[in-house]
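A closer look at the structure
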Amino acid sequence: MIVLNINGESRSVDVPDDMPLLWVLRDVIGLTGTKFGCGIAQCGACTVHLDGAAVRSCVLPVSAVGSKAVTTIEGVGASAVGKKVQQAWLDIEVVQCGYCQSGQIMSATALLAATPEPSDAEIDVAMSGNICRCGTYVRIREAIKQVATGQKVAPQTIPNVAPTASPAAAAAALLSFVRVEDMA
Ligand code: FES
Ligand code: FES
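Residues numbered from 1 in each chain as written. Chains lettered and ligands numbered in written order. Predicted model: local features only at pLDDT ≥ 70, side-chain atom pairs only at ≥ 80, totals over all residues.

Considering the overall build of the protein chain
- Counting secondary structure elements, the protein chain contains 7 helices and 5 strands.
- Along the chain direction, N to C, the helices and strands of the protein chain fall in the order β-β-α-β-β-β-α-α-α-α-α-α.
- Across the 184 residues that make up the protein chain, the buried fraction comes to 35%.
- Nonlocal contacts in the protein chain, meaning residues at least 24 apart in sequence, comprise 64% of its contacts between residues at least 6 apart. (Helix = DSSP H or I, 4+ residues; strand = E, 2+ residues; numbered from the N terminus. Buried ≥ 20, exposed ≤ 12 C-beta atoms within 10 Å, placed from the backbone. Contact = placed C-beta atoms within 7 Å.)

Structure below.
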């Protein structure tokens, strides 16, 4: 039996030591807000916090969590920064299909908690591991800046999606959401 601290609650799970945390969260505990994208730490859809740091739960064995606090998208709004990030996402109407957005919000919250006023370069580094096949990057950046500056921007002044990516980049983003086993 493994005991986890998830969103402030103690949860006991009877699972193999090497089961990825993502499987435990979704299939065992039923917290399905965290998404499966690639399964190989390449897309960021599965991002959760471990003691406040953004980690890829698809490649993190549950036995490696130990006593560290796990925060998922279901619990991130309990922190002041997480609540502001979620509000900014709503204000700026970031979401398109939504599949990547749990991971985006978790990465943005970890960034802003550690660096309240990030530079563009710091935003790029912190968010570079989170892929959005809908191309919501421009609005994600604006939402992060809203939290950092407190200044609201009218969503209709911001493009819905990033400037068109090259066909190769678009294909790579789509492939990142294809299950590896389906490609075998
Ligand atoms: S599902 Fe974990 S990084 Fe893609
Ligand atoms: S909003 Fe659709 S993948 Fe990001």
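Anyway, onward from the coordinates.
Overview of unusual backbone geometry
- Even without being glycine, Ala-41 reaches a positive phi, approximately 60 degrees.
- Structurally, Ala-41 can be placed in the loop between α1 (21-29) and β3 (47-50).
- Taking the C-beta count within 10 Å as the criterion, Ala-41 has 16 such neighbours and is therefore assigned partly exposed.
- A positive phi is found at Glu-93, a non-glycine position, where the angle reads about 55 degrees.
- With respect to the helices, strands and loops of the structure, Glu-93 is situated in the loop between α2 (80-91) and α3 (101-114).

Overview of the sheet that holds strand β5 (residues 69-71)
- Taken in spatial order, the 5 strands of this open sheet run β2-β1-β5-β3-β4, and their pairing is mixed. Edge strands, defined here as strands with exactly one partner in the open sheet, are β2 (9-13) and β4 (53-56). Sheet twist, expressed as the average angle between the axes of neighbouring strands with direction ignored, equals 40 degrees.
- Across 2 bridges, the pairing between β3 and β5 is antiparallel. By the bridge assignment for β5, Leu-50 is matched with Val-70. (Pairing = 2+ DSSP bridges. Axes fitted to C-alpha atoms, helices over the stretch in contact; angles between N-to-C directions.)

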